[in-house]
Amino acid sequence: MTAATIRQPKRLADYQPPSFLVSKTDLSFELDPTATRVSATLTFQRNGAGIMILDGQQLKLISLRLNGQMLTDKDYRLTEDSLEIVKPGNSGVLEIVTELNPDQNSALEGLYLAEGVYCTQCEAEGFRRITYYPDRPDVLAVFTTTIIADSSQLPFLLSNGNKVSETLLSDGRTAVKWHDPFPKPAYLFALVAGDFDCLTDAYVTASGRQVSLEFYVQKGALSRSHFAMAALKRAMHWDEQRFGLEYDLDRYMVVAVDFFNMGAMENKGLNVFNSKYVLADDSSATDQDYFNIESIIGHEYFHNWTGNRVTCRDWFQLSLKEGLTVFRDQEFSADMGSATLNRIEAVKLIRTAQFAEDASPMAHPIRPEQVLEMNNFYTVTVYDKGAEVIRMLQTILGKTGFNAGLKCYLDRHDGQAVTCDDFVQAMQDATGQDLTQFRRWYSQSGTPEVKVQEHYDATSARLTLKLHQHTPVTADQTIKQPLLMPMRIELLFSNAGSSMRQLLLLSNEEQEFQFDGIHEQPLIVWLEDFSAPVKLSTHYQPEQLLLIAGRATNGFARWDAMQQYWSLLISKAVTGGLLPQLPAELVSLFKQLLQQPLADIALTAELLALPDFDTLAEQYTEIPVDALLSCLAHLTQQLAEALAIELTACYQRFDSIAYHYNEQGVALRALKGRCLHYLAFTNEGEHWVNQHYRQADNMTDQLTALKAAQYAELATSNSLLEDFAKRYQHNVQVMDKYFSLVATTPNDAVFTHLDRLTQHSLFSWKNPNRVRAVFGAFSQRNAKQFHRADGRGYQLLAQIVTKLDPINPQLAARLLTPLLSWQRYDQQRQHLLAGLLKALAAQASLSNDVFEKVSKSLP
Ligand code: 0A1
Ligand code: ZN
């Protein structure tokens, strides 16, 4: 096969229904590390005109029978990625035997063997590495799976659905048979075989059905799986309460594996998780880890309805299940903890990674139109902007309307593979709201920019708000249309406590909104809760932003005002070529916050934070890397000096309480951590950091101390890190944190350190968690060294991508992302980056994953 035939992108516009459907898929696996045999029996029916062509990759075809008759060469055509059956008839039974090599499968797609565990990953197009099959989400079949293996080596043989039988064969092997009664596309198939510890529990659904819950984890890790189990039960209960949705099988299994490309996978009845998102205890997990586990456990569970019972017609519709399910997991997390903090974190992600993607050569709408490698489209745009689009629907329709729409969607399409349009139609039919214009959010890429102007006329007591929207062209699309966007605002009046909240629906390019009977000029809080994923430009004076930060009703809006305040101060300094000076009114506001933290301590901790580098960067067309880094370091130093007394007092005011992952504990650790971050920059820095590290009874506080020491470049930093590595050398999840910390060393030494890490006994190029811990952290969280003006950081990443591409193309392509935005930097950096991208593009035998991204990024 030539490169030209492989590199053929697929288009949404070319969608054709399948020529054949499969109603029944019976699989039998004879597991073997290097020669696993898969027998597939497919009961098929013709569905429309066209040939029968099955997908298949990296398979050895052993035999092929049609309706019991052995087929020979002339009855089929085999290519590197397909099998065509010449005369299949209108219906029949096809028996296919293939052989695969799980041991050699380092791409972790299809069936792979790692650390003695057989595991599958079939989304998006991995099933075609197991057998020849119509590997597309609109072919739904009832699966029956038999796994044959030596059960003394592999005591647990798992697949989707319910266990039907377990038989001891005459040759000593065991055959376990599973049946999943719900028709599903191949991407939801899963098989796991291995030796595990198993945590079991039970859940009784709202209608009284008993469900057995089973967590399979590495030997010895049982005590670290209790939190995830409890989170699963909370998620099951929450979905019943909030959306009236119950679980539908007798068994829910979760398997944790260390070799996994993503976070987790929602295979029907048999979720596979990256162990990082299951295993946790108080001595090894941070507050953030606990948060992630709860939210991902929720995410995969919620997919059972939004994704599995109702699935996608084709992969262009990925956001149908992912945007919706992220929205659902965000709502769940908000109900389990602080809604404000959750919103802040979600918005930070949109404003950094998603805005960056929109401005990059990989820009695409939440429903992409053209794809070369589907794995490249599991993006922040499809997932997180997708969730923002669903959130806007809820804002426009109200919670009751939205719930009715979701119910209509699930009732109408249960058991089907559908489109984003079907989803919006259900929302429209259930509520009567015309959503024609809203649908543009699905087809239009880019970040809309909204400008606001206010005019107040005292004589007529009239306030006029004028809004203007514009979406700049993106790499993939030149024509942009106005979108329907909900804008939540609050009008603050001089009398403290007096305010008015409104929802404006902006639909035109330019639109005015008038309010009468307004007897004084209000201060307007725009875009409460980030009610639309846009860039907003306002004309605030710095003092007005501080007023909003102190007074807005919406917690998110208070934090946002502080962020805007810093952005304004920093952009003035950058433009003037100077370092910013701390304004007196800011210092007094911070003193007040430190002396009287708000009732909401978690929010106080956020209000005291400077924006991060990535958030600031997205506000510039050409990112002034060095100026932003200097401004941030300078402001941190200045805040530390100006507030040393108050920071110390605040830090000491809250006694450390014994570790518990709960809202109060998380908030207190965050506030103390924020104080420590600044205190590290005072003369007493070493003292505070050492003490914090030594007194810590939990992972959050230890990491806070290590990070503070590193950012302030304290002498103690290295010895603390060494101590940490020694203490946790036997816990690979914690060692990943150590790897990441070393990779964020803010000076030259990082390059020697990185080299040393790749020699570490725990490091493996085949394990995505290790590679991400080291090189993901370096390229995404070490701006100073990654963006070095001499290009050393960029060169290193390009080398790593080259090395990884043949091992795991999915991982290589994800790591590559920061190099793509070369046009956002100064001439010198542009030149360095473009050179590296060109060299990459010139390499022979690049994977489609890397090729698609690199080729899009070059002019
Ligand atoms: N559907 C999963 C994410 C996922 C996607 C692709 C994968 O392998 C290529 C693995 C997992 C989710 O949203 O959780
Ligand atoms: Zn998902």
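Conventions we followed
For every chain, the first residue of the written sequence is number 1, and numbering continues from 1 along that sequence. Just so you know, chain letters begin at A and ligand numbers begin at 1, following the order they were written in. Note on the predicted model: pLDDT of at least 70 is required for a residue's local features to be given, and 80 or more for side-chain atom pairs to be given and counted; whole-chain, interface and lining totals, by contrast, use all residues. For each residue, a C-beta position is placed from the backbone atoms; the residue is near a molecule or strand when that point lies within 6 Å of it. Helix numbering and strand numbering both begin at the N terminus, where a helix is a DSSP run of H or I of at least 4 residues and a strand a DSSP run of E of at least 2. In this count, Pro and Cys sit with the nonpolar residues alongside Ala, Val, Leu, Ile, Met, Phe, Trp and Tyr, while Asp, Glu, Lys and Arg are called charged and the others, Gly among them, polar. The start and end points of each domain follow an automatic or database-based domain assignment. Any two residues are considered in contact once their C-beta atoms, placed from the backbone, lie within 7 Å. UniProt positions are given in the numbering used here, feature names are shortened, and annotations may be inferred rather than shown by experiment. Lines fitted to C-alpha atoms define the axes here, with helix axes fitted over just the stretch in contact, and angles between the N-to-C directions of these axes take values from 0 to 180 degrees. Angle categories: roughly parallel below 35 degrees, roughly antiparallel above 145, roughly perpendicular from 65 to 115, and oblique for all the rest. A pair of strands is treated as paired once DSSP finds two or more bridges between them. The nonpolar core is taken to be a set of buried Ala, Val, Leu, Ile, Met, Phe, Trp, Tyr and Cys residues joined by way of C-beta atoms within 7 Å. Residue burial is a threshold on neighbouring C-beta atoms within 10 Å of the residue's own C-beta, all placed from the backbone, with 20 or more meaning buried, 12 or fewer meaning exposed, and counts in between meaning partly exposed.

Peer 1: Lay out the site of ligand 1 in plain terms, naming residues and giving numbers.
Peer 2: Lining the immediate surroundings of ligand 1 are 14 residues, of which Gln121, Glu123, Met262, Met265 and Tyr378 lie closest. The set of elements that each furnish at least two residues to the shell around ligand 1 consists of strand E20 (264-265) and helix H3 (287-302). Of the residues belonging to the shell around ligand 1, the class tally is 5 nonpolar, 5 polar and 4 charged. When residues of the shell around ligand 1 are assigned to domains, at least three map to each of domain 1 (4-195) and domain 2 (311-443).

Peer 1: Help me get a handle on the environment of Asp516, residues and values and all.
Peer 2: With respect to the secondary-structure elements, Asp516 resides in strand E29 (residues 510-516). Distance in space between the C-alpha atoms of Asp516 and Thr464 is 8.8 Å, their sequence separation being 52 residues. Apart from the residues lying within four places of it in its own chain, the contact partners of Asp516 are Ala461 and Arg462.

Peer 1: Summarise the UniProt feature "domain: Peptidase M1 membrane alanine aminopeptidase" (unreviewed entry) in the chain; cite the residues concerned and give the values.
Peer 2: If you check UniProt for "domain: Peptidase M1 membrane alanine aminopeptidase" (unreviewed entry), the listed places come out as residues 227-441 in our numbering. Secondary structure over residues 227-441 splits into 56% helix and 9% strand, and the C-alpha atoms at its two ends are 37 Å apart.

Peer 1: Please give an account of the packing of helix H2 (residues 226-243) against helix H4 (residues 318-336) that cites residues and values.
Peer 2: Axis separation between H2 and H4 bottoms out at 11 Å; the angle between their running directions is 105°. Comparing the axis directions of H2 and H4 gives the class roughly perpendicular. Between H2 and H4, the contacting residues are Arg234, Ala235, Trp238 and Arg242 on the first element and Glu331, Phe332, Asp335 and Met336 on the second. Residues that form the contact of H2 with H4 fall into these classes: 4 nonpolar, no polar and 4 charged.

Peer 1: Before we move on, can you summarise the sheet that holds strand E17 (residues 197-204) with the specific residues and values?
Peer 2: In spatial order, the strands read E17-E18-E19-E21-E20; together these 5 strands make up an open sheet with mixed pairing. In the strand order of this sheet, the two ends are held by E17 and E20, each with one partner. Where E20 and strand E21 (residues 270-274) come together, 2 bridges link them in antiparallel fashion. The residue bridging Met265 from the neighbouring strand is Val272, located in E21.

Peer 1: Run through unusual backbone geometry, naming residues and quoting values.
Peer 2: Residues Glu123 and Ala124 are joined by a peptide bond in cis, for which omega reads -5°. Relative to the assigned elements, Ala124 resides in the loop between strand E11 (117-121) and strand E12 (141-149). For Ala461, which is not glycine, the phi torsion reads 55° and is therefore positive. Position of Ala461 among the secondary structure elements: in the loop between strand E25 (449-457) and strand E26 (462-470). Phi at Leu527 is positive, roughly 60°, even though this residue is not glycine. Inspection of the secondary structure assignment puts Leu527 in the loop between strand E30 (523-525) and strand E31 (535-537).

Peer 1: Before we move on, can you summarise the nonpolar core with the specific residues and values?
Peer 2: In this structure, Val192 and Val255 are the most contacted members of the largest nonpolar core, which totals 259 residues. Among the elements that line this core, the one with the most residues is helix H6 (residues 380-413), at 11 residues. With residues up to four places along the chain from it excluded, the contact list for Val255 reads Leu158, Val192, Tyr216, Leu270, Val272 and Phe273.

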